[in-house]
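# Coordinate inspection notes
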Amino acid sequence: MRIGIDIQSTQTKMTGLGVYTKNFTEHLTQFADSRFNFVFLSHPTSRDLNTPQRLWWENIELPKLARREGLDLLHIPAFAAPWIPPCPMVVTVHDLIGRAYPNQLSWPSRFYWGRWLPASIRKARKIIADSQHTKLDILKYLKVPESKIAVINPSGHEGFSVRSEVVPLNRVKNDLKIYERYFLFVGTIEPRKNLSRTIQAFARFLKEKTVQDSFQLVIVGSKDFAHGKCYIRLLQNTGLEAQHLVFTGYLDTERLNRLYCGA
């Protein structure tokens, strides 16, 4: 059986969707029955795709590749499925933020995540939800039969170790101007993450401590959401001294692992 997997989300700077897809495909090919033959499909150029480019990939190039490869099944683990399925499809749904929070997205993103992706999900033979909450959202917003949905929770992240050597950890901390003790937040800087509430809680924590300079809140994630406007607005309303907040931007897996270990 020839199974195609869309791995476009792993081709550039990986966020949660890319990390999920990368680890899923690596372990699937390692443990799957030998009767299954996997074909990995991605855009010929390794770059982040904007909304029009992604729609072109998913609806023109991806189906063309699927037919060329003679696939029996196509799995979409991160983004939207083709509008006209080239073969039976399985789609993994991580959330329905476009439906739940449409006012937090630009109009192209609102169309893609709020309209196009939900409509394409309905075309799947089987839907994987990676949490029970996401399954409930699918039932609420998309009205698909419950029998089509399987909840498969992601595993713990095997790519991260439980400890880091002191020297490499200190090197990362020095590069990022991080003190000895810090709290860590990882995620794109956008309204739905409720990061402002995290910062408010951290500010309350600092007021209860006598040695404030020894604590920081380290925020790891892209600042590009809404062309950086969310980040700028957040920065203007923190009410904290600059040395207490560290915005690192996107970090590679190795440096992120160090920070997890030292938090």
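The following refers to the structure shown. (Residues numbered from 1 in each chain as written. Predicted model: local features only at pLDDT ≥ 70, side-chain atom pairs only at ≥ 80, totals over all residues. Heavy atoms only, no water.)

## Some details on the overall build of the protein
Within the protein, the secondary structure is distributed over nine helices and nine strands. Taking all contacts inside the protein whose residues are at least 6 apart in sequence as the whole, residues at least 24 apart take part in 66%. For the protein, the exposed area adds up to about 14,800 Å²; of that, 52% sits on carbon and sulfur atoms. (Helix = DSSP H or I, 4+ residues; strand = E, 2+ residues; numbered from the N terminus. Contact = heavy atoms within 4.5 Å. Areas by Shrake-Rupley, 256 points an atom, 1.4 Å probe, with all protein chains shown as cover.)

## Quick look at the side chain of Gln 216
Mapped onto the elements of the fold, Gln 216 is located in strand E8 (residues 215-220). Looking at Gln 216, the relative accessible area reads 1%, which means it is buried. With residues up to four places along the chain from it excluded, the contact list for Gln 216 reads Lys 177, Ile 178, Tyr 179, Arg 181, Tyr 182, Phe 183, Phe 202, Gln 243, His 244 and Val 246. (Buried < 20%, exposed > 50% of the residue type's maximum accessible area, 1.4 Å probe, protein only.)

## A short note on the pattern of salt bridges
Counted according to the given criterion, the structure contains six salt bridges. Of the charged contacts, one joins Glu 146 and Lys 135 as a salt bridge, the two residues approaching to 2.9 Å between their closest N and O atoms. Within this pair, whereas Glu 146 is found in the loop between helix H5 (132-142) and strand E6 (149-151), its partner Lys 135 is found in helix H5, the two being separated by 11 residues in sequence. The class for Lys 135 is buried, based on a relative accessible area of 12%. One salt bridge in this structure joins Arg 258 and Glu 254, with 3.8 Å as the shortest N-O distance. Of this pair, Arg 258 and Glu 254 both sit in helix H9 (residues 253-262), four residues apart, roughly one helical turn. A relative accessible area of 54% places Glu 254 in the exposed class. (Salt bridge = Lys/Arg side-chain N within 4 Å of Asp/Glu carboxyl O.)

## Description of the sheet that holds strand E3 (residues 73-76)
Reading across the sheet, the six strands line up as E2-E1-E3-E4-E5-E6 and stay open at both edges, with parallel pairing between neighbours. A strand with exactly one partner marks an edge of an open sheet, and here the two such strands are strand E2 (37-41) and E6. Taking the axes of each pair of neighbouring strands and ignoring which way they run, one obtains an average angle of 20° across the sheet. In terms of strand pairing, strand E1 (residues 2-6) meets E2 through five bridges, oriented parallel. From the neighbouring strand, Ile 3 faces E2, where its bridge partner is Phe 38. Along the sheet, helix H2 (residues 51-68) contacts E1, E2 and E3; its crossing angle with E2, the most-contacted strand, is approximately 145°. (Pairing = 2+ DSSP bridges. Axes fitted to C-alpha atoms, helices over the stretch in contact; angles between N-to-C directions.)

## Considering helix H4 (residues 107-121)
Side chains three or four residues apart in an α-helix point the same way, a direct result of the helix having 3.6 residues per turn. The end-to-end C-alpha separation of H4 is 20 Å, in line with the 21 Å expected for 15 residues at 1.5 Å each. Along H4, the residues that are buried comprise Tyr 112, Gly 114, Trp 116, Leu 117, Pro 118, Ala 119, Ser 120 and Ile 121. (Expected span 1.5 Å × (residues − 1).)

## With respect to the environment of Asn 23
Along the polypeptide, Asn 23 turns up in helix H1 (residues 16-31). For the pair Asn 23 and Thr 10, spaced 13 residues apart in sequence, the C-alpha separation works out to 9.9 Å.

## A word on the packing of helix H6 (residues 166-176) against H9
Two elements in contact, H6 and H9, have axes whose closest approach is 9 Å; the angle formed by their N-to-C orientations is 100°. Taken as axis vectors, H6 and H9 run roughly perpendicular relative to one another. For the pair formed by H6 and H9, the contact residues are Pro 168, Leu 169, Val 172 and Leu 176 on the first element and Arg 255, Arg 258, Leu 259 and Gly 262 on the second. When its residues are assigned to classes, the contact of H6 with H9 shows five nonpolar, one polar and two charged. (Parallel < 35°, antiparallel > 145°, perpendicular 65-115°, else oblique. Nonpolar A, V, L, I, M, F, W, Y, C, P; charged D, E, K, R; others polar.)

## Things to note about the nonpolar core
Grouped together as the largest cluster of nonpolar side chains are 31 residues, with contacts concentrated most on Leu 74, Ile 121, Ile 127 and Ile 138. Elements with a contribution of two residues or more to this core: E2, H2, E3, strand E4 (89-93), H4, strand E5 (126-129) and H5. Excluding residues within four positions of it along the chain, Ile 138 makes contact with Val 93, Leu 96, Ile 127, Ala 129, Lys 143, Val 144 and Ile 149. Within the second largest apolar cluster, 15 residues are counted, among which are Ile 189, Phe 202, Leu 206 and Leu 217. (Core = buried A, V, L, I, M, F, W, Y, C linked by side-chain atoms within 4.5 Å.)

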